[in-house]
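Summary of structural features
Residue-level listing of the chains:
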Amino acid sequence: MLSKEDLMDKLNQFALVHDWLPLIGGAEKVLEAIHQLYGGPIYTLIQHPENLRNSYFEGKPITSSFIQKLPFAKNKYRNYLALFPYAIEQFDLRQHEVIISSSYAVAKGVITNANQLHICYCHSPVRYAWDLYHQYLEEANLQRGIKGMVAKTILHYLRNWDIASVNRVDYFIANSEYIAKRIKKLYRREATVIYPPVDVDKFELCKQKEEFYVTASRMVPYKKIDLIVEAFAQMPDKKLVVIGDGPDFNKIKAKASANIELLGYQPFEVLKSYMQRAKAFVFAAEEDFGIIPVEAQACGTPVIAYNRGGVKETVINLETGVFFQKQKTASIIAAVSEFEKLKLSPLVIRQNAVRFSRLVFMEKFKNFVDSKYTQFRQE
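I will try to describe carefully the structure that is included in this document. Computed from a predicted model, the values in this text were never measured in an experiment.

1. Section: the pairing of strand β5 (residues 117-122)
Successive side chains on a regular strand alternate, one facing one side of the sheet and the next facing the other. By the criterion of burial, β5 is predominantly enclosed, with six of the six residues buried. Burial along β5 is two-sided: the residues Leu-117, Ile-119 and Tyr-121 and His-118, Cys-120 and Cys-122 are all buried. Taken together, the six bridges between strand β4 (residues 98-103) and β5 define a ladder with parallel strand orientation. Bridge pairing in β5 places Ile-100 opposite Ile-119.

This is how it looks when you write it as C-alpha cells:
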C-alpha cells in the first residue's frame, strides 16, 4: 500500500494544461478523457465554476491564472488576449514530471525544464493569429484605425510568441491529418494523429429517416449556417431544421423561408432526436476535426459537408455522405441533388463513426503517452 507521501507523488506526477474552461465543448471532452486516464491537477487561464457545475470538472483540482481575477474575465476573457502568453508562463509546474497540454491557443507555451516530459494534444495552432487572421480582423471591424493597429500588433506578438514556444513541447499529437499538416507548416514539427473522442454510444442508430434535413451549430460566422439557410431557401420543396443559438441568430432567421425551421438552442435529447430522424445532416464549416458530423453518422445519418478540414477524414464520399467543393449556395444545392440519387446504408454509416469512439481514443492516447514516458525515463 502506498504511503501518503508516495500517493501524493503519484498524483503530482502528471499535470494537465488547458487554455480555458468557460464551458464544455469538444476540446473539454478531450481534456476529460485525458484526465480520466492520468488524473492530476488542471491548470487553465480561466474557469467558469457555474458553467462547470454538474459536469465532470466540478470538484476537480483546477488552478486558474491571474486573469481569473480581472474584471468580467469569466465571460469576456478574450479581451485579455494580449496577456495570455504571459499568464500561461506563470504556472509553476516544477513538481510535475509529465505535462500534457490540451492546446488551441497558448496552453502549449507553459514553461518546463529538461527533467520534464511535455506532450501537447494540439486541437489547432491559434487560428485567429494565423489562417483566420484577416477574417478575424474583418469580422471584428478591426482592419483600420487605432483599434485595428492595436489588434494587429497584439496578433503579431502572439504569432512570434507562438513560434518561440514550440520548442517547449517534446511531442505533438494532432486531432486530425489536417491539423498535423498545419503543425508541420507553421511549427516545422511532426505530429502523431489521434482523433478526439466522440461519445458515439450516446447516439443510437436509427434506420428510419424522415423527409427533412438538419443542421446544428453555434450561430457564428465561420460555421456558415447562413449559407445553408440561403441554399435551402432556394429549394422550397425540401425542409430544413436548424438547431442552435448565437450572435448571428437573428441575421440567419431573416434569411429563412417557409420550409426552414429555426429551433434555437435545444437540449441534448431533442438535438439527438432530430439528428437520428433526419434525411441528412448538412455541414458547411471548415473545422479542424468536427465532432458533430461524426455524431450524426453514429445515428446512421449521412452528412452533406464542405470538402475541407477534418471532415474529409471522418466522412466517406458517396458512402457515408456527399461532399460539396465550394462554400456557395449553388454548391450545396448540387450536393443535395446528388445525395438524393443515392441509397446509403445507415448501418455502414454508423460503423464508420465507431472508428472515432471514446474507447479508441483512450487506448491510442494511453499507448502513445506511456511509450514516450518509458522512453523518457530510460534516457
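2. Observations regarding empty space enclosed by the protein
Scanning all chains against the criterion turns up one cavity of 30 Å³ or more. By volume, the largest cavity amounts to about 40 Å³. Lining the largest cavity we find Thr-215, Ala-216, Ser-217, Lys-223, Ile-225, Ile-228, Val-282, Phe-283, Ala-284 and Ala-285. Mapped onto the lining of the largest cavity, the elements with two or more residues apiece are β8 (213-216), α9 (225-233) and β11 (280-283). Of the residues that constitute the lining of the largest cavity, the class distribution is seven nonpolar, two polar and one charged.

3. Some words on the nonpolar core
By size, the foremost hydrophobic cluster in this structure holds 30 residues, and its most contacted members are Phe-84, Tyr-128 and Leu-158. Going through the elements one at a time, β1 (14-18), α5 (84-88) and α7 (145-164) are the ones with two or more residues in this core. Considering every element that reaches this core, the biggest residue donor is α7, with four residues. Here Leu-158 is in contact with Leu-81, Pro-85, Val-106, Val-126, Tyr-128 and Ala-129, once residues within four sequence places are set aside. Within the second largest apolar cluster, 29 residues are counted, among which are Val-198, Tyr-274, Val-303 and Ala-305.

4. Here's the deal with the environment of Gln-90
Within the secondary structure, Gln-90 is located in the loop between α5 and β4. Separated by 25 residues in sequence, Gln-90 and Ser-65 have C-alpha atoms that sit 7.6 Å apart. From its side chain, Gln-90 meets the backbone oxygen of Tyr-86 in a polar contact 2.9 Å long.

What counts, and at which threshold
- Residues numbered from 1 in each chain as written.
- Predicted model: local features only at pLDDT ≥ 70, side-chain atom pairs only at ≥ 80, totals over all residues.
- Heavy atoms only, no water.
- Buried < 20%, exposed > 50% of the residue type's maximum accessible area, 1.4 Å probe, protein only.
- Helix = DSSP H or I, 4+ residues; strand = E, 2+ residues; numbered from the N terminus.
- Pairing = 2+ DSSP bridges.
- 1 Å grid on protein atoms, 1.4 Å probe; cavity = no way out; pocket = protein on both sides within 12 Å on 5 of 7 lines; lining within 4 Å.
- Points joined across faces, edges and corners; volume = space filled by probe spheres on them.
- Nonpolar A, V, L, I, M, F, W, Y, C, P; charged D, E, K, R; others polar.
- Core = buried A, V, L, I, M, F, W, Y, C linked by side-chain atoms within 4.5 Å.
- Contact = heavy atoms within 4.5 Å.
- Polar contact = N/O pair within 3.5 Å; in protein donor to acceptor, adjacent residues only side chain to side chain.

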